[in-house]
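Overview (structure and organization)
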Amino acid sequence: MNKLKEIFGGDTRQFGMIFALVFLIVLFQVWTDGLTLDPGNVINIFQGNSYILVMAIGMVLVIIAGHIDLSVGSVAAFAGIVVAIAMRDWGIPWWTGILLGLAIGAVVGAWQGFWVAFIGIPAFIVTLAGMLLFRGANQWVGKSNTIPVDESFQTIGAGYLPEVGPKTGYNNLTVLIGLVVCAAIIGGTLRNRRNQAKIGAEVEAASTMWIRLGLISVAILAVALLMASGRPGTSLPISALILGGLVLLYGFISTRTIIGRHVYAVGGNRHAAELSGVRSKRVNFLVMMNMSILAALAGMMFVARSNASGPFDGVGWELDAIAAVFIGGAAVTGGVGTVVGAVIGGLVMAVLNNGLQLLGVGADMTQIIKGLVLLTAVAFDVYNKSQGRRSITGLLMQNFNRRATQDTSETVKQEA
């Protein structure tokens, strides 16, 4: 048990959502007679939920900053319908459609960010208005019709990595990506360990580090091999590849950049952050704008997978994204949360949803169970914090956060 605590960073309950995810996978694997870990089903889980996880990445930054965004579903639907119409009526290529959608998200985000950051209207009110406004705009622009999209555009939502190289029974590119990710994680960990040793900081036991790296590598390679062994023509979905790139990008931004540290500072204590030189208005503007850009991207990914944009796209998406963030360990009061935690929370909900569907559970009971899971996860997190423990996913990136804290102190000293 002590060795387990060392491997997982102390109290194993702090990783409740990781354990919950593993538990759900094992449980549904048994209950569904092996269907849960069927390669096709694993691919479907990632492909069918990537757009929600993309929104969760943006939502976690909004919530860390102390806000909430209720408009993301409507913004996603609005961007999707405009892009679909533009490609159909104007004949623009798929890549121009993507740029158009991102531009729409940026404009919408700037609009909402202006009211939140510079006028001072609470984000809850601004985005509630945005939810109504852009839901109506979606139906007005599309005239409540379904608009199909080109096959080339469908790649970002329904495409897979191509088959290359010799026939091995697996998709070679998917296996290669899994190996590269494992190598990058191991290399980054060893580099951090060397840097800590150089400055005289205490480093963990080598055996503990290698056991943890081994477990992480096994998990990554297992997922990669499952996806690579799907039916011919399928492999790692392009949408999952986009999601992985965003996780890396926003994980870096939130922990290794000045703007990322400022987001945490504003969410933790806005007035103290301002006294330290943080421009809170700019931070609030950027997180709201970024959220709408990611919502537009999520909307396009959904439209691409569905092959068409319709008047009911985006309904309830904001609730799924918010649930993923809070299940992943973010605090309602702001200042706490991680990108990795939000994605894990979203995967918990995705696996739960998928498993219940495989078991034939009705939509009514599915909603009840998901609501209870959300309430239980947040209650468990609140209890841990009341006992003086870190949040359930608080240690997922403890090395990054420790360095981010040191960098913040240096930044504040420099600005002072």
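Model, not experiment: these values are computed from the prediction.

Within the protein one finds 17 helices and 2 strands. Split into buried and exposed, the 416 residues of the protein put 47% on the buried side. Within the protein, contacts between residues separated by at least 24 positions form 78% of all contacts whose residues are at least 6 apart in sequence. As presented, the protein carries roughly 19500 Å² of accessible surface, and 67% of it is formed by carbon and sulfur atoms.

This paragraph deals with the packing of aromatic side chains. Counted by the stated rule, this structure contains 9 aromatic pairs. Measuring from ring centre to ring centre gives 5.7 Å for Phe78 and Phe134, while their planes differ by 45 degrees; the resulting arrangement is tilted. Highlighted residues: Phe78 in helix α4 (residues 72-90) and Phe134 in helix α6 (residues 123-142), separated in sequence by 56 residues. Taking the relative accessible area as the measure of exposure, Phe78 reaches 15% and is therefore buried. When the ring of Phe302 is compared with that of Trp317, the centres are 4.8 Å apart and the planes differ by 70 degrees; the resulting orientation is edge-to-face. On the criterion of sequence distance, the pair formed by Phe302 in helix α13 (residues 280-306) and Trp317 in helix α14 (residues 317-327) is long-range, its members being 15 residues apart. Chaining the aromatic ring pairs together yields one cluster made of Trp111, Phe114, Trp115, Phe118 and Phe285.

Space inside the second largest pocket adds up to approximately 600 Å³. Forming the boundary of the second largest pocket are 25 residues, of which Asp320, Met349, Asn353, Gln367 and Lys370 lie nearest the centre. Looking at the lining of the second largest pocket, the elements that each hand over two or more residues are α3 (39-64), α14, α15 (339-358) and α16 (363-386). For the lining of the second largest pocket, the element with the highest residue contribution is α14, accounting for 7 residues. Residue composition of the lining of the second largest pocket, by class: 13 nonpolar, 10 polar and 2 charged.

Moving on, we come to the confidence of the model for the protein. For the protein, the mean per-residue pLDDT works out to 86, and 88% of the residues sit at or above 70. Within the model, pLDDT remains below 50 along residues 10-14, and this stretch shows 17 contacts once partners closer than five positions in the same chain are excluded.

To continue, consider the environment of Trp210. Mapped onto the fold, Trp210 is located in helix α9 (residues 206-228). Trp210 sits in the partly exposed class, given a relative accessible area of 45%. The spatial distance from the C-alpha of Trp210 to the C-alpha of Thr189 is 9.8 Å, given a sequence separation of 21 residues.

Counting residues in each nonpolar core, the largest one holds 94 residues, and the members touching the most others are Met55, Ile57 and Phe153. Here this core takes 16 residues from α3, the largest share from any one element.

Attention now goes to the pattern of salt bridges. Under the counting rule described, the total for this entry stands at 3 salt bridges. Among the ionic pairs, Glu274 bridges to Arg270, the shortest N-O distance being 3.1 Å. With Glu274 and Arg270 both in helix α12 (residues 270-275) and 4 residues apart, the pair spans about one turn of that helix. The partly exposed category is assigned to Arg270, whose relative accessible area is 36%. The partner of Asp320 in a salt bridge is Lys370, with the nearest N and O atoms 4.0 Å apart. With Asp320 in helix α14 and Lys370 in helix α16, this pair connects stretches of sequence that are 50 residues apart. Its relative accessible area of 32% is what places Asp320 among the partly exposed residues. Given the relative accessible area of 12%, Lys370 is considered buried.

Here α15 is 20 residues long and its end C-alpha atoms lie 29 Å apart, about the 28 Å a rise of 1.5 Å per residue gives. Burial runs high along α15: 16 of the 20 residues are buried. Measuring from the backbone nitrogen of Gly341 back to the side-chain oxygen at the start of α15 gives 2.8 Å, which picks out Thr338 as the cap. Once α15 ends, the next one or two residues include Gly360, with phi positive near 80 degrees.

Each value, and the rule that gives it
Residues numbered from 1 in each chain as written. Predicted model: local features only at pLDDT ≥ 70, side-chain atom pairs only at ≥ 80, totals over all residues. Heavy atoms only, no water. Helix = DSSP H or I, 4+ residues; strand = E, 2+ residues; numbered from the N terminus. Buried < 20%, exposed > 50% of the residue type's maximum accessible area, 1.4 Å probe, protein only. Contact = heavy atoms within 4.5 Å. Areas by Shrake-Rupley, 256 points an atom, 1.4 Å probe, with all protein chains shown as cover. Phe/Tyr/Trp six-rings, centres within 6.5 Å; stacked < 30°, edge-to-face > 60°. 1 Å grid on protein atoms, 1.4 Å probe; cavity = no way out; pocket = protein on both sides within 12 Å on 5 of 7 lines; lining within 4 Å. Points joined across faces, edges and corners; volume = space filled by probe spheres on them. Nonpolar A, V, L, I, M, F, W, Y, C, P; charged D, E, K, R; others polar. pLDDT = per-residue confidence, 0-100. Core = buried A, V, L, I, M, F, W, Y, C linked by side-chain atoms within 4.5 Å. Salt bridge = Lys/Arg side-chain N within 4 Å of Asp/Glu carboxyl O. Expected span 1.5 Å × (residues − 1). Polar contact = N/O pair within 3.5 Å; in protein donor to acceptor, adjacent residues only side chain to side chain.

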